[in-house]
Amino acid sequence: MSKPILYYATLSPPARGVLLTAKAINLELELKPINLTKGEHLTPEFIKINPQHTIPTLIDGDAVIYDSHAICAYLVEKYANDDQLYPKDLVKRALVDARLHFDSGHLFARLRFLYEPILYYGSTDCSMDKIAYIQKCYEIMERFLKDQPYLCGDTMTIGDFCCLATITSVNEVAPIDEFKFPNVLAWIERMAELPDYKETNEDGAEELKNIFREKLAENRGAK
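Residues numbered from 1 in each chain as written. Predicted model: local features only at pLDDT ≥ 70, side-chain atom pairs only at ≥ 80, totals over all residues. Heavy atoms only, no water.

An unreviewed UniProt entry annotates the protein as Glutathione S-transferase 1 of Glossina brevipalpis. The UniProt entry for the protein carries this comment under Subunit (unreviewed entry): "Homodimer." (UniProt positions renumbered as here; feature names shortened; annotations may be inferred.)

Take a look at the structure:
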């Protein structure tokens, strides 16, 4: 049986959410790196696979899936030994889905609002308003984590993986105040104990933050 194929980039938070999920269920993927800064996701060949030209993209047999949250759910449903990471119970699953939507609609959306113009369009706008807009998400996450170790309760889910990959990609640009958000910081430290965490998430998060800083300096120098 052939391995599922994942088109990915280590600097991509959504791709790292999928990598964290695959690692947690001991699933080996065939990894195909895509260089986003060189526009490899915009080639006709890739757009034929994924009309949205987004990373990550999963090919598993005849199935092609190209939303990171959908990929994570699919992998757990098909390959995990149990449903802990994405429960079959409808109420528990709805809570996980809500955290996934929080990532895509709030946390990652606000990271992208700050990062994309600088990375791709020569912007120099790293304003306090944009940073504060990201930090508003930390307030919500602090409440999520008030009485529980993970975003959906006592056990880790794919909601944790996806939100973790995003927040660790922006936590130096939009710092997490240790006095305001101790639960968020404790959660990040708890998640960082995952096996192979550095390789699966931390290195890629640092790569993205470094590229962001370099591009911001470059754009400002060109003005």
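## Regarding the side chain of threonine 166
In this structure, threonine 166 sits in helix α6 (residues 158-167). According to the relative accessible area criterion, threonine 166 is buried, its value standing at 1%. When residues no more than four places from it in sequence are discounted, the contact partners of threonine 166 are Pro13, Asp103, Leu107, Phe108 and Leu111. (Helix = DSSP H or I, 4+ residues; strand = E, 2+ residues; numbered from the N terminus. Buried < 20%, exposed > 50% of the residue type's maximum accessible area, 1.4 Å probe, protein only. Contact = heavy atoms within 4.5 Å.)

## Re the nonpolar core
In this structure, Tyr115, Met141, Ile158, Ile167, Trp187 and Phe212 are the most contacted members of the largest nonpolar core, which totals 71 residues. The biggest single contributor to this core is helix α4 (residues 90-120), with 9 residues. For this core, the two domains that each supply at least three residues are domain 1 (5-79) and domain 2 (90-222). In this view, methionine 141 contacts Phe102, Leu107, Leu151, Cys163, Ile167, Val184 and Trp187; residues no more than four positions away in its chain are not counted. (Core = buried A, V, L, I, M, F, W, Y, C linked by side-chain atoms within 4.5 Å. Domains from an automatic or database assignment.)

## A word on the UniProt feature "domain: GST C-terminal" (unreviewed entry) in the protein
Under the present numbering, the feature "domain: GST C-terminal" (unreviewed entry) in UniProt falls on residues 89-212. Between the end C-alpha atoms of residues 89-212 the distance is 40 Å, and the span holds 68% helix and 0% strand.

## Topic: the UniProt feature "domain: GST N-terminal" (unreviewed entry) in the protein
According to UniProt, the "domain: GST N-terminal" (unreviewed entry) feature falls on residues 2-83. Each end of residues 2-83 is marked by a C-alpha atom, and these two atoms are 23 Å apart; helix forms 37% of the span and strand 18%.

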